Amino acid sequence: MSGPSRAALIEEIRAFIPPLAQHLHKGASGKLGVFGGSAEYTGAPYFVAISALRTGADLAHVVCTQAAATAIKSYCPDVIVHPLLPSRSSSSSSSAGGDLTEEERRGVDAAMEQIGEWLPRFTGLVLGSGLGRDKAVQLCAKKIIEQAKDRKMPLVIDGDGISSVVCVWPSLVEGYKEVVLTPNFPEYQRLCKAAGCEEDTPVMDLARKMGNVTIVQKGQTDKISDGRIVVECTEAGSPRRCGGQGDITSGSIGTFLSWAHAYKEKDSLKYPPNVLAGYAGCLMTREANKAAFAKKGRSTIVSDMIEEIGQVFAESLEKHASSL
């Protein structure tokens, strides 16, 4: 499948990367809100947030459940943590499944009052990593997406945000032009099923069926489409497939998406901003994986990859870089 060259895509991406300048204030290069984190999964939202920061966002906030907050706070003081997501009472008769109780629904509404105060402060959102399958959290995530749509906020949805929210309420994102979905292989199959398509539906067809949302189909070759164009990221990574690489991708895309939508001349870009942001995040992940593997080999973990993001960015995307 032919498409824009790597050089052409990087030239476009460079156009909306904000400059490093003394006059800029804190937050001018992006303030990301990361929604995820549960008692079972505390690493994923941290990896998203720290990847967003290493890519170049000024601030990253993680909005998680109380059960996840202490662990995430302990990982890194650079990430701001808000234990605002609700969780169902362990003593509730419905806590193992079924409908929420009235008390639990009131808890969701109370959580959304606080979350709603924070949403306007963010320049972009990433939702789903480590979100878990708690019904109260799922309902809260649904409401967050609805509010993001009302505000036309750049939004990346990954992991449980796809499997447990978008696949349950596919109309939530239908036609939402500011959203980027980043499914892995099984999540892509679920997304196809939720959209009423065959599991092997090509990404352009699925994106079109969902109202021209942008989808990053992660795989051996990453394919990014908004239903009108397909871009492929074929950069070599490594044979090491450690957990957490998808979190780097969604965190990086969150930063690039925030920049792209803040770019005053985005209408002059040759390719869709969401597609460019998706490609940039995939490129960062693959290049960081390759660089980390060159140093650590089989023992490479996602933390090693995160340490490579800065150098990879400088070599591949900084405007002074000479090699495409």
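The rules we used
Residues numbered from 1 in each chain as written. Predicted model: local features only at pLDDT ≥ 70, side-chain atom pairs only at ≥ 80, totals over all residues. Heavy atoms only, no water. Pairing = 2+ DSSP bridges. Helix = DSSP H or I, 4+ residues; strand = E, 2+ residues; numbered from the N terminus. Axes fitted to C-alpha atoms, helices over the stretch in contact; angles between N-to-C directions. Contact = heavy atoms within 4.5 Å. 1 Å grid on protein atoms, 1.4 Å probe; cavity = no way out; pocket = protein on both sides within 12 Å on 5 of 7 lines; lining within 4 Å. Points joined across faces, edges and corners; volume = space filled by probe spheres on them. Nonpolar A, V, L, I, M, F, W, Y, C, P; charged D, E, K, R; others polar. Buried < 20%, exposed > 50% of the residue type's maximum accessible area, 1.4 Å probe, protein only. Right-handed = clockwise from strand over helix to strand, strands pointing away. UniProt positions renumbered as here; feature names shortened; annotations may be inferred. Parallel < 35°, antiparallel > 145°, perpendicular 65-115°, else oblique. Phe/Tyr/Trp six-rings, centres within 6.5 Å; stacked < 30°, edge-to-face > 60°. Lys NZ or Arg CZ within 6 Å of the ring centre and 35° of its normal.

S.K.: Would you mind going over the sheet that holds strand E8 (residues 222-225) with me for this structure?
M.R.: Sheets are built from strands paired through backbone hydrogen bonds, the pairs being either parallel or antiparallel. Taken together, 9 strands build an open sheet; the order of strands is E3-E2-E1-E4-E5-E6-E7-E8-E9 and the sheet is mixed. Edge positions in the open sheet fall to strand E3 (80-85) and strand E9 (230-233), since each of these has one partner strand only. Sheet twist, expressed as the mean angle between neighbouring strand axes with direction ignored, is 20 degrees. The pairing of strand E5 (residues 155-157) with strand E6 (residues 179-181) spans 3 bridges and is parallel. Residue pairing for E6: Val156 is matched across the bridge by Val180. In this fold helix H5 (residues 135-151) packs onto strand E1 (31-35), strand E2 (59-65), E3, strand E4 (124-127) and E5, with an angle of close to 155 degrees to the strand it touches most, E4.

S.K.: So what exactly am I meant to see when it comes to the layout of surface pockets here?
M.R.: Summary: where empty space remains is shown by rolling a probe the size of a single water molecule over the atoms. Here the largest pocket is characterised by a volume of approximately 800 Å³. If you trace the largest pocket, you find 32 residues lining it, with Lys218, Cys242, Gly244, Gln245 and Gly246 closest to the centre. Secondary-structure elements contributing two or more residues to the lining of the largest pocket are helix H2 (43-55), helix H7 (185-194), helix H9 (245-262) and helix H10 (273-296). Partitioned by chemical class, the residues of the lining of the largest pocket number 5 nonpolar, 18 polar and 9 charged.

S.K.: Would you mind going over the pairing of E2 with me for this structure?
M.R.: Consecutive side chains along a regular strand alternate between the two faces of the sheet. With 7 of 7 residues buried, E2 lies mostly within the body of the structure. Alignment of E1 against E2, held across 5 bridges, turns out to be parallel. Paired with Lys31 across the strands is Leu59, a residue of E2. In terms of handedness, the path from E1 via H2 over to E2 forms a crossover that is right-handed.

S.K.: Explanation requested: the UniProt feature "binding site: (6S)-NADPHX" (unreviewed entry) in the protein chain in the structure shown.
M.R.: Those residues carrying the UniProt feature "binding site: (6S)-NADPHX" (unreviewed entry) are Gly130, Asn184, Phe185, Pro186, Glu187, Tyr188, Gln189, Arg190 and Asp247 in this numbering. Lining residues of the largest pocket drawn from the annotated set just named are Gly130, Asn184, Phe185, Glu187 and Asp247. Mapped onto the fold, Gln189 is located in helix H7. Residue classification places Asp247 among the buried residues on the basis of a relative accessible area of 11%.

S.K.: Where do I start with the packing of helix H1 (residues 6-16) against H10 in this structure?
M.R.: Relative orientation and spacing of two packed helices are given, respectively, by the angle between their axes and the distance between those axes. Two numbers describe how H1 lies on H10: the axes approach to 10 Å, and their chain directions differ by 110 degrees. What the angle tells us is that H1 and H10 run roughly perpendicular. Across from Arg6, Leu9, Ile10, Glu12, Ile13 and Phe16 in H1, the residues of H10 making contact are Leu276, Tyr279, Ala280, Leu283 and Glu287. For the contact of H1 with H10, the residue count by class is 8 nonpolar, no polar and 3 charged.

S.K.: I tried to follow the packing of aromatic side chains on my own but got confused; where do I start?
M.R.: To describe a pair of aromatic rings, you give the distance between the ring centres and the angle between the ring planes. What the rule picks out here adds up to 7 aromatic pairs. With a centroid separation of 6.3 Å and 80 degrees between ring planes, the pair formed by Phe35 and Phe122 is classed as edge-to-face. Within this pair, whereas Phe35 is found in strand E1, its partner Phe122 is found in the loop between helix H4 (102-118) and E4, the two being separated by 87 residues in sequence. This pair shows no difference in class: Phe35 is buried, exactly as Phe122 is. With centroids separated by 6.0 Å and ring planes inclined at 5 degrees, the aromatic side chains of Phe256 and Phe313 adopt a geometry described as stacked. Taken together, the residues span a long stretch of sequence, with Phe256 in helix H9 and Phe313 in helix H11 (residues 302-316) at a distance of 57 residues. Each member of the pair Phe256 and Phe313 is classed as buried. By way of ring pairs, the aromatic residues Phe35, Trp118 and Phe122 are connected into one cluster. When the ring centre of Trp118 is taken as reference, the NZ or CZ atom of Arg121 above it lies at 4.1 Å. When the ring centre of Trp169 is taken as origin, the NZ or CZ atom of Lys142, which lies over that ring, is 5.6 Å away.

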